[in-house]
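Spelled out, the chains give:
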Number of protein chains: 2
Amino acid sequence: MVQSKTELFDKKLVKDAELFKALAHPARLRILQFLAETPACITGDISDELPLGRTTVNQHLKELKKVGLIQGHILGVKTNYCLDPAKVKELEKSIASFLESINFENYKCI
Amino acid sequence: MVQSKTELFDKKLVKDAELFKALAHPARLRILQFLAETPACITGDISDELPLGRTTVNQHLKELKKVGLIQGHILGVKTNYCLDPAKVKELEKSIASFLESINFENYKCI
DNA sequence: AGTATTTGACGTATATTTACATCAAATTAA
DNA sequence: TTAATTTGATGTAAATATACGTCAAATACT
């Protein structure tokens, strides 16, 4: 991008775009689903579930953690990952509010 | 990515990820909002609205067109862009169904 | 104590995204 | 007809994303 211009946009739009970006890869969507299905969510089990290497999965986990959608709890050598339900709710609201902003009942194309 | 692995994931997840990716940049979110506000949506006006060059904006428009969220109608030299309200509705449904798949009422972290 | 397991940090290679400049084609205006 | 406008295609440079291997540290097992 030579020179990032993201800071020139409205802060809410930037934050929304970051959330969408976190969801912009099938591996990360699958990870979220897996965590939702699996309350006992050991890190290695996640990479076993996906057609990707462990280090790659770890990278995706890091991105999900960055936006707060998941948390990692260290238990000895192992790390238990899990969804942050509050953040998921927040995500839901952010998306809804954006969609509302582009949803005009009487919109018509010329 | 050396070797893309996206085709190894569930098709619906891949499609959802593509939708989220189209929304993963503040410029594209702003474009969608602008089109929603502006029924007479001349191409050049869009780039005037954004802190980006015309060619850059054109590239973002192309991506939005690729996933079908907007349409371009050629009128002489000019092109009128507008939202595709049906696609926006579809987007809304896809997102809702994904969010539902990770939303467990009794989810609890260990 | 010594070995095995699990993880995250780091580095690396390739692909893609972002931002733009330049150009040619098409159309409109003078 | 000539000049100006508008657009999309093409090319390019830098940044970021994706996928993975290797490694060291920490913990668990024998």
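To start, this report covers the structure provided alongside it. All of these numbers come straight from a predicted model, not from anything done at the bench.

## Focus on the overall build of chain A
- Each helix and strand in chain A was counted, giving 5 helices and 2 strands.
- Walking chain A from its N terminus toward its C terminus, one meets helices and strands in the order α-α-α-α-β-β-α.
- The globule rule puts the C-alpha radius of gyration for 110 residues at 13 Å, and the 17 Å found for chain A is more than 25% above it.
- For chain A, the spread of C-alpha atoms along the three principal axes comes to 60 × 35 × 25 Å.
- Residues classed as buried in chain A amount to 45% of the 110 residues present.
- When the accessible area of chain A is evaluated, it comes to approximately 6,300 Å², of which 54% is carbon and sulfur surface.
- For chain A, the distance from the average site of its 16 positive side-chain charges to the average site of its 14 negative ones is 5 Å.

## Some remarks on the packing of helix α2 (residues 26-37) of chain A against helix α4 (residues 54-66) of chain A
All names here are of chain A.
- The geometry of α2 relative to α4 is characterised by a closest axis approach of 10 Å and an angle of 75 degrees between their N-to-C directions. The orientation of α2 with respect to α4, classified from their angle, is roughly perpendicular. Residues A27, R28, I31 and L32 of α2 form the contact with α4, whose own contacting residues are V57, H60, L61, E63 and L64.
- Taken together, the residues that form the contact of α2 with α4 break down as 6 nonpolar, 1 polar and 2 charged.

## Points about helix α2 (residues 26-37) of chain B
Residue and element names in this part refer to chain B.
- Taking 1.5 Å as the rise per residue, α2 with 12 residues should run 16 Å; its terminal C-alpha atoms sit 16 Å apart, in good agreement.
- In terms of burial, α2 is largely enclosed, as 11 of its 12 residues are buried.
- Along α2, the positions that sit buried rather than exposed are P26, A27, R28, L29, R30, I31, L32, Q33, F34, L35 and A36.

## What about the relation of the copies chain A and chain B?
- Superposing chain A onto chain B takes a rotation of 180 degrees plus a shift of 0.0 Å along the axis, which leaves an RMSD of 0.0 Å. When the rotation and shift are considered jointly, the pair of chain copies conforms to a two-fold rotation axis. No C-alpha of chain A lies nearer the rotation axis than that of F20 of chain A, which sits 2.6 Å from it.

## Here's the deal with the packing of helix α1 (residues 11-22) of chain A against helix α5 (residues 85-101) of chain A
Residues and elements named next belong to chain A.
- It is at 11 Å that the axes of α1 and α5 come closest, and there the two elements cross at 120 degrees. Judged on the interaxial angle alone, α5 and α1 are oblique. For the crossing formed where α1 meets α5, the hand is left-handed. Counting all contacts with α1, which are made through K12, L13, K15, D16, L19 and F20, the residues of α5 involved are E90, L91, S94, I95, S97 and F98.

## Comments concerning the pattern of salt bridges
Residues and elements named next belong to chain B.
- Applying the stated criterion across every chain yields a total of 12 salt bridges over all chains.
- For the salt bridge of E63 with R28, the shortest nitrogen-to-oxygen distance reads 3.5 Å. On the criterion of sequence distance, the pair formed by E63 in helix α4 (residues 54-66) and R28 in helix α2 is long-range, its members being 35 residues apart.

Criteria and cut-off values
Residues numbered from 1 in each chain as written. Chains lettered and ligands numbered in written order. Predicted model: local features only at pLDDT ≥ 70, side-chain atom pairs only at ≥ 80, totals over all residues. Heavy atoms only, no water. Helix = DSSP H or I, 4+ residues; strand = E, 2+ residues; numbered from the N terminus. Rg over C-alpha atoms; globule rule 2.2 N^0.38 Å. Buried < 20%, exposed > 50% of the residue type's maximum accessible area, 1.4 Å probe, protein only. Areas by Shrake-Rupley, 256 points an atom, 1.4 Å probe, with all protein chains shown as cover. Lys, Arg positive; Asp, Glu negative; His and termini not counted. Charge placed at Lys NZ, Arg CZ, Asp CG, Glu CD. Axes fitted to C-alpha atoms, helices over the stretch in contact; angles between N-to-C directions. Parallel < 35°, antiparallel > 145°, perpendicular 65-115°, else oblique. Contact = heavy atoms within 4.5 Å. Nonpolar A, V, L, I, M, F, W, Y, C, P; charged D, E, K, R; others polar. Expected span 1.5 Å × (residues − 1). Least-squares fit on C-alpha atoms with pLDDT ≥ 70 in both. Left-handed = near helix turned anticlockwise from the far one by under 90°. Salt bridge = Lys/Arg side-chain N within 4 Å of Asp/Glu carboxyl O.

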